[in-house]
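An overview of the molecular structure
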Amino acid sequence: MRERLLYLLKHCSNLKHVETAHGFLVRTALHHDKLLLSQFIETCSSLGFSAYAHSVFSVNSQSHPHIYVFNTMIKGMTLCNSAFEALLVYKSIGRVGLRPDCYSFPFALKAVVDLRAMSLGTQIHSQAICAGLESNVHVVSALIQMYSSSARISDARKVFDEMPLASVCSDDVVVWMAMIAGYVKVGDPDTAMDLLSRMPRTQTNGAVLITWTSVIAGYAQMDRPDEAIAVFRKMQLENVVPDEIAMLAVLSACAQLGAFHIRLGECIHGYVKKRGFDQMVTLKNALIEMYSNSGNINNALHVFENMTRRTVISWTTIISALAFHGLGTQALDMFSRMEMVQVKPNDITFIAVLSACAHVGLVDLGRYYFHAMKYRYGIQHEIQHYGCMIDLLGRAGYLAEALELVSEMPFQPNAAIWGSLLAASNIHGDAELGELALLHLVQLEPWNSGNYALLSNIYASAGRWDKSVMARKMMRDKGVRKMPGWSFIQVSTRTHEFIAGDTSHPQFDRIHGTLFTMNEQIKTAHYDPINKFDNHDSDIGPASISYCSSF
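Definitions and cut-offs
Residues numbered from 1 in each chain as written. Predicted model: local features only at pLDDT ≥ 70, side-chain atom pairs only at ≥ 80, totals over all residues. Heavy atoms only, no water. 1 Å grid on protein atoms, 1.4 Å probe; cavity = no way out; pocket = protein on both sides within 12 Å on 5 of 7 lines; lining within 4 Å. Points joined across faces, edges and corners; volume = space filled by probe spheres on them. Helix = DSSP H or I, 4+ residues; strand = E, 2+ residues; numbered from the N terminus. Nonpolar A, V, L, I, M, F, W, Y, C, P; charged D, E, K, R; others polar. UniProt positions renumbered as here; feature names shortened; annotations may be inferred. Expected span 1.5 Å × (residues − 1). Buried < 20%, exposed > 50% of the residue type's maximum accessible area, 1.4 Å probe, protein only. Arc of directions from axis to C-beta. Polar contact = N/O pair within 3.5 Å; in protein donor to acceptor, adjacent residues only side chain to side chain. Contact = heavy atoms within 4.5 Å.

Before going further, it helps to spend a moment on the layout of surface pockets. Counted as a void, the largest pocket has a volume near 420 Å³. Around the largest pocket, the lining comprises 21 residues; the ones closest to its centre are Asn285, Glu289, Thr316, Thr317 and Ser320. Looking at the lining of the largest pocket, the elements that each hand over two or more residues are helix H16 (244-257), helix H18 (281-293), helix H20 (312-324) and helix H22 (347-360). Ranked by residue count, the leading element in the lining of the largest pocket is H20, at seven residues. Considered class by class, the residues forming the lining of the largest pocket number ten nonpolar, ten polar and one charged.

Here's what the structure looks like:
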């Protein structure tokens, strides 16, 4: 009878089922059975009937209290996003003569994390110590997660270090996983990797894979893709088989590096097909982004066109890819296809669409989409959408309209918007607008030497040499250093980076001689590359031109 009831409770799917099961439990006097009552509470919570679960719990917790039932109720409340009520249930444990056990504390600490109630969390930590559970793996991992969630990583590490080594080095990998995840969460993948290298290897592949994947993702999220890929290679050397989540993390790193690791990205694409993951939408989206960032828009399109199911993210990613490659018309055609199949765009989609309009100079169409966002799709304008529209107007020469749109924004203009206006003023020779943009940029990013150089060029182009010199002087007076120009070129599998003024490359003499010969041949053909450069920038000279010509 009990086993059949447990089975039926696990398979309830609506309120009528729940009410019928509850009635049967009461009629047969089985509602005091801790396992059946706990399963009933868990079923109610999973179906979203937390109030019903709590009412049944309240009736039974006084007459027949059992810690197992209390733990299930706390867990159920946290699952239903009722963290405050979960903590009230936790506090009531002592009032009925029970003591929290090794499951009570983790459930309560999860509620603390949801509420961000760290002061209460430290109290629960003290209670766990008083209960003699400060070395229990479930309690320790929950404490580490709690402290890490509020960036108190030193407190989390103290809890970890105080764990008895004999216990940690056996099968208690959950503690190591929590600590590694904590370091990733606070943006310290180096320490996470150090712990991963020392983590006992007695656990299952699944636990190992989760920790490796979290470190890879940590490096990728910190814009350190080289390290992310290095960790992925180490994972392979340790014969840890990656799953779709691990591949998603490393594809993100490949996308950041663009053409540098296109071959690795292609290998991962092949692995995705081999493992049967080739219809996973998230992986396909990541492949589109990776191919786009590496410059292979044809492969990105191939992946997209072979998808059997596409989400709004899929459409947005390919539209962004086409716009990024300057294929604005194709990007807008893709958006039309998206509308035809009735996939509703989101705010990110319109950033890509407005960017595509800017690339092909379709001002009227850009204005239409900018207004359609709100009135047709109900999507509120964010500062990024204003930035795209201002960039579109600026590129097309509608400088007054762009400046008016800046004044109408419900946001404070950021550096990207003023930088867009500064660039537009340079294109169209509007020194007055350039000066206005720079005054704001100096406040927002006083360290950016490019802003001063651009304004200096605007003045020089207009023949206002005194103002041009003054812009340079302003940069020197503020102690702003001009960042040296740099470029790179990939030969076979090796990437060579060049920085203006740097002579450390092992083939420097040969490269410099070849570039000098090329410059002389160009001059012989009556074309002077140096004079064709914007030589208003006093820091540009023959050497820096030579080093940049490999771009």
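Okay, back to it.
UniProt records the feature "repeat: PPR" (unreviewed entry) for residues 172-202, 208-242 and 311-345 in the present numbering. For the annotated span residues 311-345, helix accounts for 74% and strand for 0% of the residues, and the straight-line distance between the end C-alpha atoms is 10 Å.

Right, let's get into helix H27 (residues 431-444). Within an α-helix, residues lying three or four positions from one another point in the same direction, as the helix has 3.6 residues per turn. A rise of 1.5 Å per residue sets the reference length of H27, with its 14 residues, at 20 Å; its end C-alpha atoms lie 20 Å apart and thus fit the reference within 8%. Listing the buried residues of H27 in full gives Ala431, Leu433, Gly434, Ala437, Leu438, Leu441 and Val442. Projected onto a plane normal to the axis of H27, the buried residues spread over an arc of 165° and lie on a single side. Exposed and oriented more than 90 degrees from the buried face of H27 are Glu432, Leu439 and Gln443. Between the side-chain oxygen of the N-cap and the backbone nitrogen of glutamate 432 there are 3.3 Å, and the N-cap of H27 in question is aspartate 430.

This part is about H22. Helix length check: H22, at 14 residues, gives a terminal C-alpha distance of 21 Å against a target of 20 Å (1.5 Å per residue), a fit within 8%. Taken together, the buried residues of H22 touch H20, helix H21 (328-340), helix H23 (363-375) and helix H24 (383-395). Near the N-terminus of H22, the side chain that reaches the backbone nitrogen of isoleucine 348, with its oxygen 3.0 Å away, is that of asparagine 346. Just downstream of H22 lies glycine 361, where phi reads positive at about 70°.

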